Amino acid sequence: MEMLNRIKSTVSNFSTVLPGNPVTREYEIVEHVASAGPSLLWKVYKGIKKSTKEEGAVFVLEKKLLDKYSKQDRETILTIFKNGIAKLTRLRHPSILTVQQALEESRESLAFATEPVFASLANILGCTENLPVPPPKALKNFELFDVEVKYGFLQLTEGLAFLHNDVKMIHGNINPESILVNQSGVWKLAGFDFCIQLEKNPDFQNDQFSFGEINIELPPPCIPDLNYIAPERLLGSSSNFASDMFSLGLLFYAVHNQGKSLLLNSGCSMATIKNNYNQLKMLSPNALGNLPLESREHVKMLLNCTVELRPDAFQTSKLPMFEDVGVKTLQYLDSLYQWDNLQKSQFYKGLPQIITKMPKRVNLYRIVPCLSKEYHTPEMVPFVLPNVLLIAEEATKEEFQSVILQDIIPLFRLQEPVQITLIFMQRMELLLSKCPQAVIANHVLPMIYRALESDAQQIQELCLSIIPKFASLIEYSAMKNALLPRIKKLCITTSYLSVRVNCLVCVGKLLEHLDKWLVLDEILPFLPQIPSKEPAVLMGVLGILKLTMSHKKLGITKEIMATKIIPFLMPLSIENGLTLNQFNAIMTVVKEMVNFVEAEHKTKLEQLNSIRQEHGSTLEMTQMVPGNQSLMPDFNMEASKPPVDNMFKNLGLSSFENANKTTSSNILKNQQSSEKPYIKPSSMSFEEKKSLAWNQEQQRKWNSRERGEPLIPTRDPTTSLIESNLRGLGSNKSSDSFSSLSLTTNTNYIPNNWSPSFGSSPTLPQQPLSLVGGFQQPHSLVGGYTSLASSPPQQPINFQNSSSGSMDLRSLDSLLPNMGPNRNTPTLAQLSGSIHTSVPLIPPQFSAPPSNSAKNELEDLLG
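Quick caveat, the model's predicted, so the values are computed rather than measured.

About the criteria used
Residues numbered from 1 in each chain as written. Predicted model: local features only at pLDDT ≥ 70, side-chain atom pairs only at ≥ 80, totals over all residues. Heavy atoms only, no water. Helix = DSSP H or I, 4+ residues; strand = E, 2+ residues; numbered from the N terminus. Contact = heavy atoms within 4.5 Å. Buried < 20%, exposed > 50% of the residue type's maximum accessible area, 1.4 Å probe, protein only. Pairing = 2+ DSSP bridges. Expected span 1.5 Å × (residues − 1). Patch = residues over 30% accessible without salt bridge, like charges linked within 9 Å, V, L, I, M, F, W, Y side chains within 5 Å. Areas by Shrake-Rupley, 256 points an atom, 1.4 Å probe, with all protein chains shown as cover. Salt bridge = Lys/Arg side-chain N within 4 Å of Asp/Glu carboxyl O.

This next bit is on the environment of Tyr 253. Following the sequence through the fold, Tyr 253 ends up in helix H6 (residues 242–255). When near neighbours in sequence (up to four residues on either side) are disregarded, Tyr 253 contacts Lys 260, Ser 261, Leu 262, Ala 287, Leu 288 and Leu 291.

Have a look at this one:
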């Protein structure tokens, strides 16, 4: 669409500007930029040459603008314009406008093409005739700098010196309409419509020109501008080269006086014009107050009515006002083609000091075009390029791309001399900030890649040192796929220690521009691949690892530290080349990582442990059976453990030991439940089972007492057992004597030194109780006492077996209190024997209440 609009605009411009003119075959009209020539009749368009795509200026005179004049006047004007363009075309000088396309005439217009033109001096001073509406933006608020004015007049004096001395020609019409300013800000002479050529006649010894009197009644395009014409041309019939110098003095005054000439002769009568000239003879100093102080005296001499007193062009060019540093700099730049490379290099070395004092517009449009001419000489580029990039700093992005960028793009590919790449590396941030993305991707970044792959150590180090400065301007894909791989390859393959260290430092500085996954996938695996183990390299590696650990954005996990980083760092810490400080640095990082892993994993395990405890307590509450006692002996008592068991105390192996114990306990329980011993039906009587139940109850009470629970008195099962047996025996042998025999005991104690007379007080047994013979053995020891598993109520013990006739009751002797070898208490066997021998039993005789010793023992027992 943009191309179509451009074509439509071009066709429209052709149809309105150059209908049928042959210039249209060579140039494409872009826009209307200025006006120039007598009465500003020439319209100046910006054009592009179709064959070379070079910019130019197309001057067009539309014949319809002359319709207000008579036919004769129109013919006169056209003839004057044609002659002026013809003479301009034949002249070649840096201070004279260059014609690129000769004049072409059609029925509607005259047209020719020149070098690019910004505007005429009249347009710059505020004259807007034949300009587009609104005027071009470039002319809005445009002001000439002092250095531009001084150098502009210096160029005009050089051009006039060429005309006067070499061509022997008087310009005849020096005024703002005849001065063109090109795109570079150079002032050019044009408007040779009223020039006078010196004829080769020996009679003219004083270089005087004879011509007819100027008719001020003619239309303005037919005569020179009366506001800038010398008095001898208007009042006399002769002229010389000094006439142009008079006009130059008036032009200098007008430029410093907002475009107003010192003479105001337009539309005046001849008498008024003569009066104005007479006032110049008595010119007061205040009249030149707007001029720079150093130029006033010389301008006054140029405006002298006496021709011989006016300085010539060559003398004017040597005035002190043109000795300004800026003026001399611009003059040198225009004459560089005459110097050798050594002189040029010396000038370019001092140019940065002057550039900082020059206006930005002068630097951009006046100095840069001169410097760009040296780009075709690679040996001079290292001297020119720093000045161009210095000017680019002050330019806007649009100005940089339009004025500077297109010329320096070919320089990105130059690798010789190496200083070119070094200069670009040093100013890389400037290039990346002002170049469009397409140029960065296609030209700037490839230059960086070539620098990394260069054989020059200095370029590699410089490139590595500046890459972090503009890393934020590099796209992530280019960083990942192009830049980092080249840096890694250079670090591994280089033979220079300084380059390898700079690679590591560069990678470390790039970490903040990378993400976590890129570091894990590309950076950390790359570090062990570095073949060198020099201390400087190790410190570079350490710096990268330290940054990965401390940087919040990266957040390297504890798994990576524990499995990759710490195992990699530990062997590095014992390298022989390390200094003490370097060793301490490595160990500090290792300790920090270990502490980090410890803290992170400890927190995780604490959370898991709390979850397990909560889960276990829930299971215990749902599965625990009240009164269940462990039957396994307690082998975990700390006092009974040998010292060697503490060796693995804090090494985290307790879970395995407890697991083994739990497993063995479960196995025993399973075996106990699945492999119960076979008991004959007649081996345990009811009384035996009852005795076992009593032992179990007694043990439970002892355990309750140890836990602080009160001891509840119970009936002594031994007494009950003896009483029951005696009752049974008495019923068999002497039912008439012992039918109602019973044995009454104190519920708080068991009789001691038991005898038929029952004369002593019983005490509780102090040794653990046990069962022997055919009874089941205990499974665990708890609290130092025998604990028996609870069993259902059993039948009373029958001391007289119906099948065998008698029963061995020695196994029950231990149930009696105070039984032992040194005691005189009869055993159950003796009692049984006496019964079987039919010895009558003496009824028990109870003595007085228990003695104090028995009472004290009972109180000690009960606490």
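Moving on, there is more to tell.
The next subject is unusual backbone geometry. Omega for the bond connecting Val 133 with Pro 134 falls within 30 degrees of zero, at -5°, which places this linkage in the cis form. You will see that Leu 40, though not glycine, has its phi angle at about 55°, which is positive. Assignment of secondary structure puts Leu 40 in the loop between strand S1 (27–36) and strand S2 (42–49). Residue Leu 40 is classed as buried on the basis of its relative accessible area of 2%. Positioned with a positive phi, Asn 130 is a non-glycine residue whose angle comes to about 60°. You can see Asn 130 is positioned in the loop between helix H3 (121–124) and helix H4 (146–167). For Asn 130, a relative accessible area of 22% translates into the label partly exposed.

On to the pairing of strand S4 (residues 99–105). Sheet topology note: the S4/strand S5 (residues 109–114) ladder contains four bridges and is antiparallel. Note on S5: the bridge partner recorded for Glu 105 is Leu 110. Linking S4 back to S5 in an antiparallel pair, the connection comprises three residues.

Over its 16 residues, helix H22 (residues 535–550) runs 22 Å from end to end, which matches the ideal 22 Å to within 8%, given 1.5 Å per residue. Buried residues of H22: Val 537, Leu 538, Gly 540, Val 541, Leu 542, Ile 544, Leu 545, Thr 548 and Met 549, and no others.

Right, let's talk about a nonpolar patch on the surface for a bit. The grouping of Leu 605, Leu 608 and Ile 611 at the surface amounts to a nonpolar patch, some 250 Å² of accessible area in total. A residue is classified by how much of its surface remains accessible, and Leu 608, at 33% relative accessible area, is partly exposed.

So, on to the pairing of S2. In terms of residue burial, S2 counts as a mostly covered element, since six of its eight residues are buried. Relative to S2, S1 runs antiparallel, the two being bridged by eight bridges. Note on S2: the bridge partner recorded for His 32 is Tyr 45. Counting the residues between successive antiparallel strands, the hairpin from S1 to S2 contains five residues, one of them, Gly 37, with a positive phi of roughly 85°. Relative to strand S3 (residues 55–62), S2 runs antiparallel, the two being bridged by six bridges. When the bridges of S3 are listed, Ile 48 appears paired with Glu 55.

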